[in-house]
2 protein chains.
Amino acid sequence: MKENESAWPMGIKKTKQRKFVLDVLEHAESPLSASDIFDKARSEDSSCWLSTVYRILDYFVSEGLAVKTAVMDSSMALYELNRNQHRHYAVCVNCHKVVELMNCPMEKFEPEIAENDFRIVGHRVEMYGYCKDCDRKMSGIH
Amino acid sequence: MKENESAWPMGIKKTKQRKFVLDVLEHAESPLSASDIFDKARSEDSSCWLSTVYRILDYFVSEGLAVKTAVMDSSMALYELNRNQHRHYAVCVNCHKVVELMNCPMEKFEPEIAENDFRIVGHRVEMYGYCKDCDRKMSGIH
DNA sequence: TTTCTACTTGCAAATGATTCGCATTCGCGT
DNA sequence: ACGCGAATGCGAATCATTTGCAAGTAGAAA
């Protein structure tokens with residue numbers, strides 16, 4: 001009874017390492033870095049070299065399975081599953097927690113671009129500020 | 001008659017290298033990387049070590065004189081003068097040209113955040129797609 | 001099921017951006 | 001001009017990411 005696992009994406013060769021990475025991404029609540037995934041592999045039985053994680057992640061991105069979501073102020077690239085739906089995040093500038101944004105500011109937006117005729121295919125939005133915990137902590141201090 | 005130069009920002013110690021970096025940023029049309037600035041220094045008389053450029057840039061950012069604007073798909077951080085006005089960019093996914101966005105999608109946006117009570121202090125928006133040259137080139141090919 | 005081959009991975013070493021350490025030099029107030 | 005603290009030159013260190021290559025493996029073909 002492992003049928004509650006997602007079907008394996010077609011056209012992707014199935015290996016232990018790829019299964020592991022996909023599984024981690026599927027259960028992640030927020031975007032993960034390559035070394036997040038690598039660490040998780042070490043802590044569990046599954047072993048998988050860091051460069052392999054990078055390769056798998058790049059491959060997933062190239063296949064449209066995952067998306068690369070670098071977050072400002074982070075020196076590392078973050079990856080998440082491509083859920084084929086818009087997602088944007090708010091990042092706490094204090095603790096770097098990443099929180100999902102439930103609506104998208106682009107929905108009703110008509111961009112005016114300096115160079116005319118720029119064919120837009122996507123966008124990235126990121127809010128930053130203080131999450132409730134940090135905000136509370138900081139107002140306590142002052 | 002050098003009075004058309006901007007006044008030197010107060011509280012900032014004036015050095016040859018800082019003057020150079022500030023001048024480059026003032027005349028830049030789009031965000032620059034540390035090595036863009038370093039290269040410009042080499043090509044002109046002004047010499048200035050790369051690590052110094054980084055230090056100056058960090059310092060400018062900490063003083064609110066400049067802002068760090070990492071762009072997706074670029075491995076380098078980009079810096080631009082803090083013109084105390086909102087700026088967002090569209091980035092060409094083909095040639096990586098950076099083009100300014102004339103309006104801001106956040107103007108009329110009420111964010112709904114997964115975690116309630118996130119105190120937003122800023123945001124980052126980036127559109128991506130094809131600039132007119134690349135778009136033209138690519139439709140020519142197909 | 002066994003074989004064959006192309007694709008994957010383990011591993012180590014390379015790379016590229018950025019930072020750090022420290023001796024020297026340079027602004028700038030006195 | 002003098003002196004001190006801050007800024008720079010320079011090289012070496014660091015960190016994330018990439019690459020090269022030999023060995024291992026999935027899965028199509030036999």
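Each value, and the rule that gives it
Residues numbered from 1 in each chain as written. Chains lettered and ligands numbered in written order. Predicted model: local features only at pLDDT ≥ 70, side-chain atom pairs only at ≥ 80, totals over all residues. Heavy atoms only, no water. Near = heavy atom within 4 Å. Polar contact = N/O pair within 3.5 Å; in protein donor to acceptor, adjacent residues only side chain to side chain. Helix = DSSP H or I, 4+ residues; strand = E, 2+ residues; numbered from the N terminus. Nonpolar A, V, L, I, M, F, W, Y, C, P; charged D, E, K, R; others polar. Contact = heavy atoms within 4.5 Å. Core = buried A, V, L, I, M, F, W, Y, C linked by side-chain atoms within 4.5 Å. Buried < 20%, exposed > 50% of the residue type's maximum accessible area, 1.4 Å probe, protein only. Domains from an automatic or database assignment. Salt bridge = Lys/Arg side-chain N within 4 Å of Asp/Glu carboxyl O. Phe/Tyr/Trp six-rings, centres within 6.5 Å; stacked < 30°, edge-to-face > 60°. Arc of directions from axis to C-beta. Least-squares fit on C-alpha atoms with pLDDT ≥ 70 in both.

1. Quick notes on the protein's contact with DNA strand D
Stage number 1. Taken together, 21 residues are adjacent to DNA strand D, and Tyr54(A), Ala77(A), Gln17(B), Ser51(B) and Thr52(B) come closest.
Stage number 2. Within 4 Å of the protein, atoms of DNA strand D come from sugar and phosphate in 68% of cases.
Stage number 3. The backbone of Lys14(A) places a nitrogen or oxygen atom 3.1 Å from a phosphate oxygen of DNA strand D.
Stage number 4. Arg18(B) is positioned with one of its side-chain polar atoms (N or O) 2.8 Å from a phosphate oxygen of DNA strand D.
Stage number 5. The element that contributes the greatest number of residues to the surface near DNA strand D is helix H3 (residues 50-62) of chain A, accounting for five residues.
Stage number 6. For the surface near DNA strand D, the residue count by class is seven nonpolar, seven polar and seven charged.

2. Regarding the side chain of Glu115(B)
Stage number 1. Secondary-structure assignment places Glu115(B) in the loop between strand S5 (98-101) and strand S6 (119-130).
Stage number 2. Within polar-contact distance, the side chain of Glu115(B) engages the backbone nitrogen of Lys132(A) at 2.8 Å.
Stage number 3. For Glu115(B), the residues in contact, after removing those within four places along its chain, are Lys97(A), Val99(A), Cys131(A), Lys132(A) and Asp133(A).

3. Things to note about the nonpolar core
Stage number 1. Ranked by internal contacts, the top residues of the largest apolar core, which has 26 residues, are Met106(A), Phe118(A), Met106(B) and Phe118(B).
Stage number 2. Non-local contacts of Phe118(B), meaning those with residues more than four positions away in its chain, are made with Ala90(A), Val91(A), Cys92(A), Val99(A), Tyr128(A), Gly129(A), Tyr130(A), Cys131(A) and Ile113(B).

4. Looking at the domain arrangement of chain A
Residue and element names in this part refer to chain A.
Stage number 1. Under the domain assignment used here, chain A contains domain 1 (1-83) and domain 2 (86-142).
Stage number 2. Relative to domain 2, the C-alpha centre of domain 1 lies at a distance of 24 Å.
Stage number 3. For the pair domain 1 and domain 2, the number of links is zero salt bridges.
Stage number 4. In this structure, the connection of domain 1 to domain 2 is made through one residue pair in polar contact (both at pLDDT 80 or more).
Stage number 5. Tallied by class, residues from the side of domain 1 that touches domain 2 come to four nonpolar, two polar and two charged.

5. As for the environment of Leu57(A)
Residues and elements named next belong to chain A.
Stage number 1. Within the fold, leucine 57 resides in helix H3.
Stage number 2. By relative accessible area, leucine 57 is classed as buried at 0%.
Stage number 3. Residues leucine 57 and glutamate 26 lie 31 residues apart in sequence; the distance between their C-alpha atoms is 13 Å.
Stage number 4. With residues near it in sequence (within four places) discarded, leucine 57 still touches Val21, Leu25, Ala34, Ile37 and Tyr79.

6. Considerations on the protein's contact with DNA strand C
Stage number 1. Neighbouring DNA strand C are 21 residues; Thr15(A), Gln17(A), Thr52(A), Tyr54(B) and Ala77(B) lie closest to it.
Stage number 2. Taking Arg18(A), its side chain carries an N or O atom lying 3.0 Å from a sugar or linking oxygen of DNA strand C.
Stage number 3. A distance of 2.8 Å separates a phosphate oxygen of DNA strand C from a polar atom in the backbone of Ala77(B).
Stage number 4. When residues of the surface near DNA strand C are traced back to their parent elements, those giving at least two are helix H1 (16-27) and H3 of chain A together with helix H3 (50-62) of chain B.
Stage number 5. When its residues are assigned to classes, the surface near DNA strand C shows seven nonpolar, seven polar and seven charged.

7. Quick notes on the packing of aromatic side chains
Residues and elements named next belong to chain B.
Stage number 1. Taken as a whole and assessed by the stated rule, the structure comprises one aromatic pair over all chains.
Stage number 2. Relative to tryptophan 49, the ring of phenylalanine 38 has its centre 6.5 Å away and its plane inclined at 75 degrees; by these criteria the two rings are edge-to-face. Placement of phenylalanine 38 in helix H2 (residues 34-43) and of tryptophan 49 in the loop between H2 and H3 is noted, with a sequence separation of 11 residues between them.
Stage number 3. For phenylalanine 38, a relative accessible area of 13% gives the class buried.
Stage number 4. The class of tryptophan 49 is exposed, set by a relative accessible area of 59%.

8. Quick notes on unusual backbone geometry
Residue and element names in this part refer to chain A.
Stage number 1. In this structure, aspartate 117 is a non-glycine residue whose phi angle is positive, near 60 degrees.
Stage number 2. Note that aspartate 117 resides in the loop between strand S5 (98-101) and strand S6 (119-130).
Stage number 3. Residue aspartate 117 is classed as exposed on the basis of its relative accessible area of 53%.

9. Digging into helix H2 (residues 34-43) of chain A
Stage number 1. For H2(A), the complete set of buried residues consists of Ala34(A), Ile37(A), Phe38(A) and Ala41(A). Considered in projection along H2(A), the buried side chains sweep an arc of 100 degrees and stay on one side of the axis.

10. Details of the relation of the copies chain B and chain A
Stage number 1. The two copies are related by a screw operation: chain B maps onto chain A through 179 degrees of rotation and 0.1 Å of translation along the axis, at an RMSD of 0.2 Å. The operation mapping one copy onto its partner corresponds to a two-fold rotation axis. Measuring from the rotation axis to each C-alpha of chain B, the shortest distance belongs to Val125(B), at 2.2 Å.

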